[in-house]
Amino acid sequence: MSDLATRFEQAQSDVKQLAERPSNMTLLRLYALYKQGSEGDAHGDKPGMTDFVGRYKFEAWESLKGTSKDEAMQKYIELVQELQSGAAS
């Protein structure tokens, strides 16, 4: 496993230990970066209009289309570090 993948996995653990729950927008950003870093570009059907949460999550992930997995993993790690230090919310 590469160093980046190891740090990505550690960030996934760290985000669950945050002192405060991030804002909904930050949670969406974390979700999208996680999905892009682990699965690549968004795939599958977009959730229907009545599935608001699913639709927002899919759209956030879809907005990262073309971002490499490595770049998404790095951005995820950096965002988690910002949240841990209190620089983001």
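Residues numbered from 1 in each chain as written. Predicted model: local features only at pLDDT ≥ 70, side-chain atom pairs only at ≥ 80, totals over all residues. Heavy atoms only, no water.

Under the annotation held in an unreviewed UniProt entry, the protein carries the name ACB domain-containing protein and is attributed to Cupriavidus respiraculi.

## Thoughts on the nonpolar core
Grouped together as the largest cluster of nonpolar side chains are 19 residues, with contacts concentrated most on Val15, Leu30, Leu33, Tyr76 and Val80. Listed by contribution, the elements that provide at least two residues to this core are helix H1 (3-15), helix H2 (24-39), helix H3 (52-62) and helix H4 (69-85). With seven residues, H4 is the largest single contributor of residues to this core. (Core = buried A, V, L, I, M, F, W, Y, C linked by side-chain atoms within 4.5 Å. Buried < 20%, exposed > 50% of the residue type's maximum accessible area, 1.4 Å probe, protein only. Helix = DSSP H or I, 4+ residues; strand = E, 2+ residues; numbered from the N terminus.)

## Regarding the packing of H1 against H4
The geometry of a pair of packed helices is captured by two quantities: the angle between their axes and the separation between those axes. Taken N-terminus to C-terminus, the directions of H1 and H4 make an angle of 40°; their axes are 9 Å apart at the nearest point. Relative to H4, the element H1 is oriented oblique. Handedness of the H1/H4 crossing: left-handed. Across the interface between the two elements, Leu4, Ala5, Arg7, Phe8, Ala11, Gln12, Asp14 and Val15 of H1 pack against Asp70, Met73, Gln74, Tyr76, Ile77, Val80 and Gln84 of H4. Taken together, the residues of the contact of H1 with H4 break down into nine nonpolar, three polar and three charged. (Axes fitted to C-alpha atoms, helices over the stretch in contact; angles between N-to-C directions. Parallel < 35°, antiparallel > 145°, perpendicular 65-115°, else oblique. Left-handed = near helix turned anticlockwise from the far one by under 90°. Contact = heavy atoms within 4.5 Å. Nonpolar A, V, L, I, M, F, W, Y, C, P; charged D, E, K, R; others polar.)

## What about the packing of aromatic side chains?
According to the stated counting rule, one finds four aromatic pairs in the structure shown. Between Phe8 and Tyr34 the ring centres are 5.9 Å apart and the planes differ by 15°, which places this aromatic pair in the stacked class. Remark: Tyr34 occurs in helix H2 and Phe8 occurs in helix H1; sequence separation between them is 26 residues. The class for Tyr34 is partly exposed, based on a relative accessible area of 32%. (Phe/Tyr/Trp six-rings, centres within 6.5 Å; stacked < 30°, edge-to-face > 60°.)

## Considerations on H3
Every α-helix winds through 3.6 residues per turn, so residues three or four apart in the chain are directed the same way. Buried residues of H3: Gly54, Phe58, Ala60 and Trp61, and no others. One side of H3 carries all its buried residues, which in axial view fall inside an arc of 160°. Seen from the open side of H3, the exposed residues pointing more than 90 degrees away from its buried face are Phe52 and Tyr56. (Arc of directions from axis to C-beta.)

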